[in-house]
Amino acid sequence: MEGENMGSGIIEIDVHGMNQFQAKTRIDAVLKRANQGTYMIRIIHGYHSGTTLRDMIRKTYRSHPKILRIEIGMNQGITEFILRTLV
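Pulling in residues and values, what's your account of the environment of R84?
With respect to the helices, strands and loops of the structure, R84 is situated in the segment after β5 (78-83). According to the relative accessible area criterion, R84 is partly exposed, its value standing at 42%. Expressed as a C-alpha distance, the spacing of R84 and I67, which sit 17 residues apart in the sequence, is 5.6 Å. Contact partners of R84, with chain neighbours within four places excluded, come to P65, K66, I67 and L68.

Could you give an account of helix α2 (residues 52-60), naming the residues involved and the relevant values?
Within the sequence span of α2, burial applies to L53, R54, M56, I57 and R58. Close packing links the buried residues of α2 with α1 (20-33), β3 (40-44), β4 (67-72) and β5.

I'd like a description of α1, backed by residues and values.
Across its 14 residues, α1 extends 20 Å between first and last C-alpha, which sits within 8% of the 20 Å expected from 1.5 Å per residue. Every buried residue of α1 is accounted for by A23, I27, V30 and L31. All buried residues of α1 fall inside an arc of 100° around its axis, so they share one side. In α1, the exposed residues that point more than 90 degrees away from the buried face are F21 and K32. If you follow the buried residues of α1, they end up packed against β2 (10-14), β3, α2, β4 and β5. Measuring from the side-chain oxygen of the N-cap residue of α1 to the backbone nitrogen of F21 gives 3.0 Å; that N-cap residue is N19.

Explain the pattern of salt bridges to me, and be specific about the residues and the numbers.
Tallied over the entire structure, the rule returns 5 salt bridges. Between E80 and R42 there is a salt bridge; the shortest N-O distance is 2.7 Å. With a gap of 38 residues between them, E80 in strand β5 and R42 in strand β3 connect regions that are remote in the sequence. Between R69 and E71 there is a salt bridge, with its nearest N and O atoms 2.9 Å apart. What makes R69 partly exposed here is its relative accessible area of 41%. On the basis of relative accessible area, E71 is assigned to the partly exposed category, the value being 28%. Connected through salt bridges with shared partners, the residues E12, R42 and E80 form a single ionic network.

Quick notes on the rules
Residues numbered from 1 in each chain as written. Predicted model: local features only at pLDDT ≥ 70, side-chain atom pairs only at ≥ 80, totals over all residues. Heavy atoms only, no water. Helix = DSSP H or I, 4+ residues; strand = E, 2+ residues; numbered from the N terminus. Buried < 20%, exposed > 50% of the residue type's maximum accessible area, 1.4 Å probe, protein only. Contact = heavy atoms within 4.5 Å. Expected span 1.5 Å × (residues − 1). Arc of directions from axis to C-beta. Polar contact = N/O pair within 3.5 Å; in protein donor to acceptor, adjacent residues only side chain to side chain. Salt bridge = Lys/Arg side-chain N within 4 Å of Asp/Glu carboxyl O.

Structural measurements only, silent on function.
As structure tokens, then:
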């Protein structure tokens, strides 16, 4: 289940252990619900079992209209979407 922290503008979702279809379905639903108060979606995809989910997420969403940029931090198991500001 998503850990949504709307007060801080960050939505965190955990998709590790899912297959690509399940992960994409969950991410798409969160992107659709993201509103003006959301500036970041943090996706926990893991990496110890391989990079299939990470690679799919970064490739599929790099040109999504709601996403300004994708940030890759020190933790290889997390990808963050910085969202565009809606005017």
